[in-house]
Amino acid sequence: MRLVGFIQVLLLLALAAYLLLVALENPAPVRLPLPLGQGELALPAGVAVAVFTALGGGYVLLLLLPPLWQARRRVRRARRERELLEHRLTATLQARLGALPALPPSEPATPPARSA
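Rules used in this analysis
- Residues numbered from 1 in each chain as written.
- Predicted model: local features only at pLDDT ≥ 70, side-chain atom pairs only at ≥ 80, totals over all residues.
- Heavy atoms only, no water.
- Helix = DSSP H or I, 4+ residues; strand = E, 2+ residues; numbered from the N terminus.
- Buried < 20%, exposed > 50% of the residue type's maximum accessible area, 1.4 Å probe, protein only.
- Contact = heavy atoms within 4.5 Å.
- Areas by Shrake-Rupley, 256 points an atom, 1.4 Å probe, with all protein chains shown as cover.
- Axes fitted to C-alpha atoms, helices over the stretch in contact; angles between N-to-C directions.
- Parallel < 35°, antiparallel > 145°, perpendicular 65-115°, else oblique.
- Nonpolar A, V, L, I, M, F, W, Y, C, P; charged D, E, K, R; others polar.
- Patch = residues over 30% accessible without salt bridge, like charges linked within 9 Å, V, L, I, M, F, W, Y side chains within 5 Å.
- Salt bridge = Lys/Arg side-chain N within 4 Å of Asp/Glu carboxyl O.
- Lys, Arg positive; Asp, Glu negative; His and termini not counted.
- Charge placed at Lys NZ, Arg CZ, Asp CG, Glu CD.
- Expected span 1.5 Å × (residues − 1).
- Bend = angle between axes of the 7 residues up to and from the residue.
- Pairing = 2+ DSSP bridges.

Draft legend 1. How the structure looks around the overall build of the chain. Within the chain, the secondary structure is distributed over two helices and two strands. Moving toward the C terminus, one meets the helices and strands of the chain in the order α-β-β-α. Scored against the burial criterion, the 116 residues of the chain give a buried share of 9%. Long-range contacts, defined here as pairs at least 24 residues apart, represent 41% of the contacts in the chain between residues at least 6 apart. Roughly 10500 Å² of accessible area belongs to the chain as shown, and the carbon and sulfur atoms make up 67% of that amount.

Draft legend 2. View of the packing of helix H1 (residues 2-25) against helix H2 (residues 45-99). Axis separation between H1 and H2 bottoms out at 9 Å; the angle between their running directions is 175 degrees. As the angle between them shows, H1 and H2 are arranged roughly antiparallel. Facing Gly 5, Gln 8, Val 9, Leu 12, Ala 16, Leu 19, Leu 20 and Ala 23 of H1, the residues of H2 in contact are Ala 45, Val 49, Phe 52, Thr 53, Gly 56, Gly 57, Val 60, Leu 63 and Leu 64. Partitioned by chemical class, the residues of the contact of H1 with H2 number 12 nonpolar, five polar and no charged.

Draft legend 3. Representation of the environment of Ala 28. Along the chain, Ala 28 falls in the loop between H1 and strand S1 (30-33). A residue is classified by how much of its surface remains accessible, and Ala 28, at 44% relative accessible area, is partly exposed. For the pair Ala 28 and Ala 45, spaced 17 residues apart in sequence, the C-alpha separation works out to 6.8 Å.

Draft legend 4. Examining a positive patch on the surface more closely. On the surface, a cluster of positive charge is contributed by Arg 72, Arg 73, Arg 74, Arg 76, Arg 77, Arg 79, Arg 80 and Arg 82. With respect to the element layout, Arg 73 can be found in helix H2. A relative accessible area of 47% places Arg 73 in the partly exposed class.

Draft legend 5. Structural context of H2. The first and last C-alpha atoms of H2 sit 80 Å apart over 55 residues, in line with the 81 Å expected at 1.5 Å per residue. At Leu 64, H2 shows its strongest bend, of approximately 30 degrees, with the proline Pro 66 following within four residues. Looking at H2, one finds that the buried residues are Ala 45, Ala 48, Val 49, Gly 56 and Val 60. At its buried positions, H2 is contacted by H1, S1 and strand S2 (40-43).

Draft legend 6. Geometry of the pairing of S2. Alignment of S1 against S2, held across four bridges, turns out to be antiparallel. When the bridges of S2 are listed, Pro 33 appears paired with Glu 40. If you look at the hairpin formed by S1 and S2, you'll find six residues sitting between the two strands, and Leu 36 has a positive phi there, around 65 degrees.

Below is the structure:
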């Protein structure tokens, strides 16, 4: 999946370089047709390059967000499962320690008496 993201970034950079080359060779305003045939939008070439680069960046971001969300969800699920397991192990250990019989208190050791 990382290869696809890398290729997308390379394509975006190639598109930005191509648009920059077009903008440098053609300093005239770029005329973009508006949707539904409602006329044209005349932009300076630099602004057009910035708009197209931002659109490409947004596209790449939208393609990369789902894998990032899935990874974050996996990390949260693993953390939650680990905490549940630790809680169960702690409860089991406490139950086993509570089930052990109490040991009688030990008496202090006295040295053996010497006979003379």
